[in-house]
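Observations on the three-dimensional arrangement
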Amino acid sequence: MGEGSLCNLYGFPLGELTKQLEAIGEKPYRAQQLFDWLYVKKVHSFSEMSNLSKDLRETLSSSYSLFLPSIFKKEESQDGTIKLLLEMEDGAKVECVLMRYDYGNALCVSSEVGCSMACAFCASGLLRKERGLTAAEMVGQVMVMNALLEKEMERVSHVVVMGTGEPFDNYDEVMRFIRIINEQKGLAIGARHITVSTCGIIPGIQRYSEEGLQINLAISLHAPNDEIRAKLMPIARKYPLKDLMPAVKEYVEKSGRRVTFEYIMLRGVNDSLDCAAELVRLIGDTFGYVNLIPFNPVKEKPFERADRKVVEKFRDYLNNHGIKCTIRKEFGTDIDAACGQLRVKYERKSRQ
Ligand code: SAH
């Protein structure tokens, strides 16, 4: 950080913050006090941190900012889904979505501004990647949503890194983010309640298996072979299934965690029972679950969602052949719920 520029305090895991405070001669427990102010008492200024000395508060405010994203646009659905378009300090706009399940409130967090993966069915890739988000900007998405939920006495209990962006294209910041929200003395979102979804970046999967956290991994598969997959996902050319599947298997062996394979059901593209049979063979001994995703229509994209009956048959075929399979519950169909749609709508307007 250059002189004059402030580091965002929301971007530090507790361990790192402790070291920074020690470096300026403070006791380690000060970092815990700070975490408590930020994530438990949720104050927005150093002056409110009454158990810190005035000197320390001044030192902190000359080195750190407490910037949180602002709400640029908010959409709320009949089913309680909340979609936010947030504005970052540099004006970048980023989406996050809250989905209400029986087991808790899951926030879908974005990891990048735009995305360079260019999947054929996805609205996020309509706007190319501008930059990765910092850990602080990802924590900011959780903080802003928590502030909205506070009046209902609710909180974000689960996080899925499945918003705009490819998390393994921004690996370090995503992992910092996870360590921050996982911190027991802070937001305390359990590792088992955190999921990262990747389009299949193999070096990222390998690193993720070494993290030693009980976090979950989802792989966007979307096709049972490279021929179909490469038409949907350009990344399939760089990391074909013959390399991807062994990497997933190795992850499962190393981490002891099972993976979820995501599979968007696209009419006439990947929804046949032949595809289901091929998928059974492909997944084989990785023991992964399959989550079938109803396609969220994107008007710029030439795909249609598969018929419900076809999706159910596909699911039954997998379940009958030893692969655990569910159909993803849909949220917020009355708002722009598909990944990246809200942002595309506003960015296009503002560019015109
Ligand atoms: N880049 C990561 C995470 C972001 S995308 C990944 O590829 O996994 C999150 C999930 O939403 C992916 O499975 C993606 O393929 C899916 N998705 C993208 N556009 C969609 C759409 N229009 N309808 C349904 N799912 C979509």
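Our structure is the block above this text.
The structure contained in this document is the topic of the report that follows. Source: prediction; values computed, not measured.

Bringing the nonpolar core into the picture now. Counting 110 residues, the largest nonpolar core has Val 142, Met 145 and Phe 177 as its most contacted members. It is helix H4 (residues 135-150) that provides the largest number of residues to this core, a total of 10 residues. Residues contacting Met 145, with those up to four places away along its chain left out, are Ile 82, Leu 84, Cys 96, Leu 98, Leu 107 and Val 156. Residues Val 97, Met 99, Ala 106 and Val 160 belong to the second largest nonpolar core, which totals six residues.

With that out of the way, let us pick up the site of the ligand. Near the ligand there are 20 residues, and of these Glu 166, Ser 197, Ser 220, His 222 and Asn 296 occur at the shortest range. In this structure, Ser 197 approaches the ligand through a side-chain N or O atom, which is 2.6 Å from an oxygen atom. The protein chains hide 95% of the 540 Å² of surface that the ligand would expose on its own. When residues of the shell around the ligand are traced back to their parent elements, those giving at least two are strand S10 (194-198), strand S12 (260-265) and strand S13 (289-294). Looking at the shell around the ligand residue by residue, the classes come out as 11 nonpolar, seven polar and two charged.

The next thing to look at is the sheet that holds S10. Pairing is mixed across the open sheet formed by 10 strands, whose spatial order is S3-S4-S5-S6-S9-S10-S11-S12-S13-S14. Looking at which strands have only one partner, the edges of the open sheet turn out to be strand S3 (70-76) and strand S14 (325-327). When the angles between neighbouring strand axes are averaged without regard to direction, this sheet yields 20°. Two strands pair when backbone bridges link them, and S3 and strand S4 (residues 82-87) are joined in this way by six bridges, in the antiparallel orientation. Bridge assignment links Glu 75 to a residue of S4, and that residue is Lys 83. Against the sheet, helix H11 (residues 308-320) makes contact with S12, S13 and S14, and its axis sits at roughly 160° relative to S14, the strand it touches most.

Parameters at a glance
- Residues numbered from 1 in each chain as written.
- Predicted model: local features only at pLDDT ≥ 70, side-chain atom pairs only at ≥ 80, totals over all residues.
- Heavy atoms only, no water.
- Core = buried A, V, L, I, M, F, W, Y, C linked by side-chain atoms within 4.5 Å.
- Buried < 20%, exposed > 50% of the residue type's maximum accessible area, 1.4 Å probe, protein only.
- Helix = DSSP H or I, 4+ residues; strand = E, 2+ residues; numbered from the N terminus.
- Contact = heavy atoms within 4.5 Å.
- Near = heavy atom within 4 Å.
- Polar contact = N/O pair within 3.5 Å; in protein donor to acceptor, adjacent residues only side chain to side chain.
- Areas by Shrake-Rupley, 256 points an atom, 1.4 Å probe, with all protein chains shown as cover.
- Nonpolar A, V, L, I, M, F, W, Y, C, P; charged D, E, K, R; others polar.
- Pairing = 2+ DSSP bridges.
- Axes fitted to C-alpha atoms, helices over the stretch in contact; angles between N-to-C directions.

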